[in-house]
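Chain by chain, the residues:
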Amino acid sequence: DTAVSQTPKYLVTQMGNDKSIKCEQNLGHDTMYWYKQDSKKFLKIMFSYNNKELIINETVPNRFSPKSPDKAHLNLHINSLELGDSAVYFCASSFMNTEAFFGQGTRLTVV
Amino acid sequence: SQQGEEDPQALSIQEGENATMNCSYKTSINNLQWYRQNSGRGLVHLILIRSNEREKHSGRLRVTLDTSKKSSSLLITASRAADTASYFCATDPDNNAGNMLTFGGGTRLMVKP
């Protein structure tokens with residue numbers, strides 16, 4: 001019955017690798033998001049996607065790319081991982097910009 | 001700097017006291033939302049206030065919005081140890097740039113039993 005689920009919960013990988021984080025929502029929402037939370041707990045919006053339009057935060061490196069196979073999924077692909085990519089990544093969904101439901105987060109550690 | 005910035009960054013109070021957190025933002029908004037995050041967990045929505053509303057209540061929560069000052073406050077009354085968490089404000093900018101719900105840095109609240 002999980003509303004927004006993301007996998008994996010933990011991801012440890014070496015610099016230079018390519019990895020993906022999956023996200024699925026079963027709420028029928030029209031908008032999905034990816035956020036990055038750094039060690040100081042600051043939440044940074046990375047992408048917003050509503051099956052018509054992808055909004056990209058211009059500060060996000062192009063090594064990061066969202067992929068949406070359908071309305072219920074928004075996966076995050078990261079190429080050439082760097083140490084600074086270590087963070088907790090949250091997927092979320094909502095109807096437009098009303099109440100957002102968050103996944104439990106994926107803790108990415110790049111070594 | 002960020003669209004939503006909370007103040008204070010950290011707050012420590014005794015159980016039973018009230019906790020007030022503030023949020024300032026920079027652009028016009030459609031709505032402002034408050035979220036809670038327990039350690040190691042995802043964010044949970046608490047309350048949404050629209051730009052044409054000035055005050056909203058939900059249980060022990062009271063939110064105010066002053067669009068002229070571009071600020072909001074979250075008041076938790078009669079705090080409990082279980083209220084210990086980080087609290088974030090998020091804004092839906094009214095800038096026709098699409099859906100970008102943007103969060104501030106959060107206030108870490110500790111309620112001591």
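### What to know about the side chain of Arg36(B)
Residues and elements named next belong to chain B. Mapped onto the fold, Arg36 is located in strand β4 (residues 29–37). The exposure class of Arg36 is buried, given its relative accessible area of 17%. Of note is the side chain of Arg36, whose polar atom sits 2.9 Å from the side chain of Asn38. The residues touching Arg36, leaving out its near neighbours within four places in the chain, are Gly42, Leu43, Val44, Leu46, Ala82, Asp83, Thr84, Ala85, Ser86 and Tyr87.

### Points about the side chain of His29(A)
Residue and element names in this part refer to chain A. Among the structural elements, His29 can be located in the loop between β3 (19–25) and β4 (31–37). The exposure class assigned to His29 is buried, which follows from its relative accessible area of 5%. Reaching out from His29, the side chain makes a polar contact with the side chain of Ser93 at a distance of 2.8 Å. Those residues in contact with His29, other than ones at most four positions away along the chain, are Lys71, Ser93, Ser94, Phe95 and Phe101.

### Quick look at the environment of Asp7(B)
All names here are of chain B. Looking at the element boundaries, Asp7 is found in strand β1 (residues 4–7). With relative accessibility at 45%, the residue Asp7 sits in the partly exposed group. A C-alpha to C-alpha distance of 18 Å links Asp7 and Ser68, two positions 61 residues apart in sequence. The residues contacting Asp7, other than those within four sequence positions of it, are Met21, Asn22 and Thr107.

### Observations concerning the nonpolar core
Residues and elements named next belong to chain B. Within the largest apolar cluster, 20 residues are counted, with the highest numbers of intra-cluster contacts made by Met21, Leu32, Trp34, Leu74, Ile76, Tyr87 and Leu109. Within the residue set of this core, elements represented by two or more residues are β3 (19–25), β4, β5 (43–50), β7 (61–66), β8 (71–76), β9 (85–93) and β11 (107–112). In terms of residue count, β3 provides more of this core than any other element does, four residues in total. Among residues more than four places away in sequence, those in contact with Ile76 are Glu17, Asn18, Ala19, Met21, Arg60, Leu61, Asp83, Tyr87 and Leu109.

### Overview of the pairing of strand β8 (residues 75–78) of chain A
All names here are of chain A. By the bridge criterion, three bridges tie β3 to β8 in an arrangement that is antiparallel. Looking across to β8, one finds that Ile21 is bridged to Leu76. Pairing between strand β7 (residues 64–67) and β8: four bridges, direction antiparallel. Across the sheet, residue Pro66 finds its bridge partner in β8, namely Leu76.

### Points about the state of the cysteines
One pass over the structure, following the stated rule, counts two disulfides over all chains. Cys23(A) shares a disulfide with Cys91(A); S-S distance 1.8 Å. Disulfide Cys23(A) to Cys91(A): torsion about the S-S bond roughly -75 degrees, handedness left-handed. Note that Cys23(A) is positioned in strand β3 and Cys91(A) in strand β9 (residues 87–94), a separation of 68 residues in sequence. Judged by relative accessible area, Cys91(A) falls into the buried class, the value being 0%. Here Cys23(B) pairs with Cys89(B) through a disulfide, and the sulfurs are 2.0 Å apart.

### Thoughts on the interface of chain B and chain A
Often, the extent of an interface is quoted as the loss of accessible area on bringing the components together. Listed as interface residues are 23 residues of chain B and, on the opposing side, 24 residues of chain A. The junction of chain B with chain A conceals about 2000 Å² of combined surface from both sides, 55% of it contributed by carbon and sulfur atoms. Joining chain B to chain A, the criterion identifies five residue pairs in polar contact (both at pLDDT 80 or more). Elements supplying a minimum of two residues to the side of chain B that touches chain A: β4, β5, β9 and β10 (102–103) of chain B. In terms of residue count, β4(B) provides more of the side of chain B that touches chain A than any other element does, four residues in total. Counted by class, the side of chain B that touches chain A contains eight nonpolar, twelve polar and three charged residues.

What counts, and where the lines are drawn
- Residues numbered from 1 in each chain as written.
- Chains lettered and ligands numbered in written order.
- Predicted model: local features only at pLDDT ≥ 70, side-chain atom pairs only at ≥ 80, totals over all residues.
- Heavy atoms only, no water.
- Helix = DSSP H or I, 4+ residues; strand = E, 2+ residues; numbered from the N terminus.
- Buried < 20%, exposed > 50% of the residue type's maximum accessible area, 1.4 Å probe, protein only.
- Polar contact = N/O pair within 3.5 Å; in protein donor to acceptor, adjacent residues only side chain to side chain.
- Contact = heavy atoms within 4.5 Å.
- Core = buried A, V, L, I, M, F, W, Y, C linked by side-chain atoms within 4.5 Å.
- Pairing = 2+ DSSP bridges.
- Disulfide = S-S within 2.5 Å.
- Buried area = accessible area lost by both parts, 1.4 Å probe.
- Nonpolar A, V, L, I, M, F, W, Y, C, P; charged D, E, K, R; others polar.

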